[in-house]
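# Summary of the model geometry
These are the residues of each chain, in order.
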Amino acid sequence: MLERLNKALDHLEACLDREVDMAEVARIAAVSEYHFRRLFSALSGMPLPVYVRRRRMTLAGAEVLAGELTLLDIAVRYGYSSGEAFARAFRSVHGIGPGEARRTGAVLTAQPRMSFRVVVEGSTTMRYRIVEKESFRVLGKKARLPLVPEGLNAAAAAHLQALDKPVIARMKELAGQEPDGILSAVVYLTDSREEGAEANYWIGVVTGPETAAEELDALDVPAGTWAVFDNHGPYPSALQQLWRDVFTQWFPSNPYTSRTGPELLRTQPVEVGAETDSQLWIPVERSSGNSEG
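Given the structure is predicted, the values throughout are model-derived calculations rather than measurements.

Glancing now at unusual backbone geometry. A cis amide bond, omega -5°, links Glu178 with the succeeding residue Pro179. Along the chain, Pro179 falls in the loop between helix H9 (165-174) and strand E3 (183-188). Geometrically, the link from Tyr235 to Pro236 is a cis peptide bond, its omega value of -5° lying close to zero. Relative to the helices and strands, Pro236 is located in the loop between strand E6 (224-234) and helix H10 (237-250). The phi dihedral of Ala30 falls on the positive side, at around 65°, and the residue is not glycine. Checked against the element boundaries, Ala30 lands in the loop between helix H2 (22-29) and helix H3 (33-44). Classification of Ala30 by relative accessible area gives buried; the value is 14%.

Where charged atoms from two side chains of opposite charge approach closely, those side chains can pair. Applying the stated criterion across every chain, the model contains 13 salt bridges. In this structure, Lys7 engages Glu3 in a salt bridge whose closest nitrogen and oxygen atoms are separated by 3.6 Å. Note that Lys7 and Glu3 are positioned in helix H1 (residues 2-14) at a spacing of four residues, about one turn of the helix. Given a relative accessible area of 47%, Lys7 falls into the partly exposed group.

Analysis parameters
- Residue positions are given per chain, counting from 1 as you read along its sequence in written order.
- pLDDT decides what is reported in this predicted model: residues at 70 or higher carry local features, side-chain atom pairs at 80 or more are listed and counted, and totals for whole chains, interfaces and linings draw on all residues regardless.
- Side-chain measures were taken over the full set of non-hydrogen atoms in the model, leaving aside hydrogen atoms and water.
- The helix and strand labels rest on DSSP assignments: H or I over at least four residues marks a helix, E over at least two residues marks a strand, and numbering proceeds from the N terminus.
- Each residue is assigned to one of three classes by its accessible area relative to the maximum for its type, calculated with a 1.4 Å probe on protein chains only: buried under 20%, partly exposed between the two thresholds, exposed over 50%.
- Salt bridges are defined by distance alone: a side-chain nitrogen of Lys or Arg within 4 Å of a carboxyl oxygen of Asp or Glu.

Spelled out as structure tokens, the structure:
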């Protein structure tokens, strides 16, 4: 898979002076566009659109300093319809406008070309199983919360603490499907996993697709395949490391890709740093390509 990902990045690099067809880039990687965006974000630590903008502005920056083309010509070459839009993008990456950069010969910021390779670090064992699950509904309380890649998510903890006893009792009455018990369900709103990006976040239970409860928020989930990972370790750092390992190690070495759907997490609330058992459900589908690479 890593070989295909690198071929996709080579194609993306060749398209920086025009609109990038992300569907075509994903096709070269033999995965869905959704999975390509998520996998890139997990492997690189930045959203795909951010990388594309930084690479474009790296190349544009070199041409600005070279002085051979007008600023408008450079803007058009890299897909900007106006000098103002180009200047905003340029400043967001380099911290200075293109005109001032050309006049002063300013030091600019470069985003190197990215490629992926396997680096073996220790011997992590990941326990997982594949589950085919019929459609279901999550019933619970929903909030829109910021992502926190490391450490405790204070907003998520506050959302949990705000649940009163009658609501918790009602959710327990409705529970009855795997994964059993009260859990969280996260629906990401963009491909970004940067700190502060927002997601819809449910605390609830899994029920049948027809179950209703007017006092609770419903999330309907279609039938599909799930990769289920068991985890034990200090909360929440072990879970956050597990999520990174799933996308940076498990997906590149297994014939599955992620698909649209919520991520489910079942864990017992504990003090930060305490050991706990958890279970992470990731929606997946069989990869359209082979699994070597």
